[in-house]
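As a plain string of letters, each chain reads:
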Amino acid sequence: MSWFKLKDPMGTNYRVDPGDIMNTKRALNHLGYYDVPPHRGIDDWTDDAMFNGIRSFQKDNGLKVDALMRPGGPTEGAINARLGGLPGGEDDPERSPSYTCTRCGALHGGVFSPTLCFNCVNK
């Protein structure tokens, strides 16, 4: 299953889909590569911290470091592997505690939102 899916390419010189921006920030935050600004939360504006997070993720995962992501590309695939694959995936006991999504009621591993699972956040 693909947890993270881009609609369009994303890079510093691209016009970026607002939904892709928010999903990227959520995914990077979940993986420890983006700190959500407390004064504005996760918004649909690109910022240096997001692109720095993409670069750091690429470097740590042996990918080309260019802050560029394409739908179906290697960075998107690596993010999906880290979000949903083992180790570190839904069934990994080392991952953050499980919680019940307030919208769908399913038990999920990790925290993508304080109250909603990844699937419900993206609906």
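Owing to the predicted nature of the structure, the values given are computational and were not obtained by experimental measurement.

Enquirer: Before we go on, may I ask you to explain the pattern of salt bridges in this structure?
Expert: A pair can form between side chains of opposite charge whenever their charged atoms are brought close. Per the counting criterion, the structure on display carries five salt bridges. Ionic pairing is found between Asp 43 and Lys 25, a salt bridge with its closest N-O pair at 2.6 Å. Of this pair, Asp 43 sits in the loop between helix H1 (18-31) and helix H2 (48-60) while Lys 25 sits in helix H1, and the two are 18 residues apart along the sequence. Each member of the pair, Asp 43 as well as Lys 25, is classed as buried. Among the ionic pairs, Asp 43 bridges to Arg 40, the shortest N-O distance being 2.6 Å.

Enquirer: Looking at this structure, how should I read the side chain of Asp 47?
Expert: Its location among the elements puts Asp 47 in the loop between H1 and H2. The buried category is assigned to Asp 47, whose relative accessible area is 13%. Within the local environment of Asp 47, its side chain forms a polar contact with the backbone nitrogen of Met 50, the two atoms lying 2.7 Å apart. Excluding its chain neighbours within four sequence positions, the residues that come into contact with Asp 47 are Lys 25, Tyr 34 and Arg 40.

Enquirer: Help me understand H2, please; the structure alone is not making it clear to me.
Expert: Along an α-helix, a turn takes 3.6 residues, which lines up residues three or four apart on a common side. Here H2 contains 13 residues, and its C-alpha end-to-end distance of 18 Å stays within 8% of the 18 Å for a straight helix at 1.5 Å per residue. Those residues of H2 lying buried are Met 50, Phe 51, Gly 53, Ile 54, Phe 57 and Gln 58. With its buried residues spanning 155° around the axis, H2 presents them on a single face. In H2, those exposed residues whose orientation departs by more than 90 degrees from the buried face are Asp 48, Lys 59 and Asp 60. On its buried face, H2 is in contact with H1 and helix H3 (74-84).

Enquirer: When you look at the nonpolar core in this model, what are you seeing that I'm missing?
Expert: Soluble globular proteins tend to bury their nonpolar side chains together. Counting 20 residues, the largest nonpolar core has Met 10, Met 50, Ile 54 and Ile 79 as the members making the most contacts within it. Put simply, the parts of the chain that give this core at least two residues each are H1, H2 and H3. If near-sequence neighbours (up to four positions away) are discounted, Met 50 is found in contact with Met 10, Ile 21, Thr 24, Lys 25, Leu 28 and Tyr 34.

Enquirer: What should I look at first to understand the packing of aromatic side chains in this one?
Expert: Each aromatic ring pair is summarised here by two numbers: the centre-to-centre distance and the angle between the ring planes. If you walk through the whole model with that rule in mind, you get one aromatic pair. Look at Tyr 33 and Phe 57: their rings are 5.4 Å apart centre to centre, the planes differ by 85°, and that puts the pair in the edge-to-face class. Residue Tyr 33 is found in the loop between H1 and H2, and its partner Phe 57 is found in helix H2; the two are separated by 24 residues along the sequence. In this structure Tyr 33 comes out as buried when scored by relative accessible area, which is 15%.

Enquirer: What is the right way to look at the confidence of the model for the protein in this model?
Expert: Low pLDDT means the predicted atomic positions in that stretch should not be read closely. With 67% of its residues at a pLDDT of at least 70, the protein reaches an overall mean of 81. Across the protein, the secondary-structure element scoring lowest on mean pLDDT is strand S2 (residues 107-108), at 58, and the one scoring highest is H2, at 96. Segment residues 86-97 is flagged for pLDDT under 50; beyond a separation of four residues in sequence, or across chains, it makes 25 contacts in the model.

Enquirer: What am I meant to see in H1 here?
Expert: Taking 1.5 Å of rise per residue, the 14 residues of H1 would be expected to cover 20 Å, and the 20 Å separating its terminal C-alpha atoms lies within 8% of that figure. Buried within H1 are the following residues: Asp 20, Ile 21, Asn 23, Thr 24, Lys 25, Arg 26, Ala 27, Leu 28 and Leu 31. By the N-cap criterion, in which a side-chain oxygen at the helix start approaches the backbone nitrogen of a residue two or three places on, H1 is capped by Asp 17, the distance to Gly 19 being 3.0 Å. In the segment just after H1, Gly 32 is the residue with positive phi, at about 90°.

Reading the values: rules and limits
- Residues numbered from 1 in each chain as written.
- Predicted model: local features only at pLDDT ≥ 70, side-chain atom pairs only at ≥ 80, totals over all residues.
- Heavy atoms only, no water.
- Salt bridge = Lys/Arg side-chain N within 4 Å of Asp/Glu carboxyl O.
- Helix = DSSP H or I, 4+ residues; strand = E, 2+ residues; numbered from the N terminus.
- Buried < 20%, exposed > 50% of the residue type's maximum accessible area, 1.4 Å probe, protein only.
- Polar contact = N/O pair within 3.5 Å; in protein donor to acceptor, adjacent residues only side chain to side chain.
- Contact = heavy atoms within 4.5 Å.
- Expected span 1.5 Å × (residues − 1).
- Arc of directions from axis to C-beta.
- Core = buried A, V, L, I, M, F, W, Y, C linked by side-chain atoms within 4.5 Å.
- Phe/Tyr/Trp six-rings, centres within 6.5 Å; stacked < 30°, edge-to-face > 60°.
- pLDDT = per-residue confidence, 0-100.

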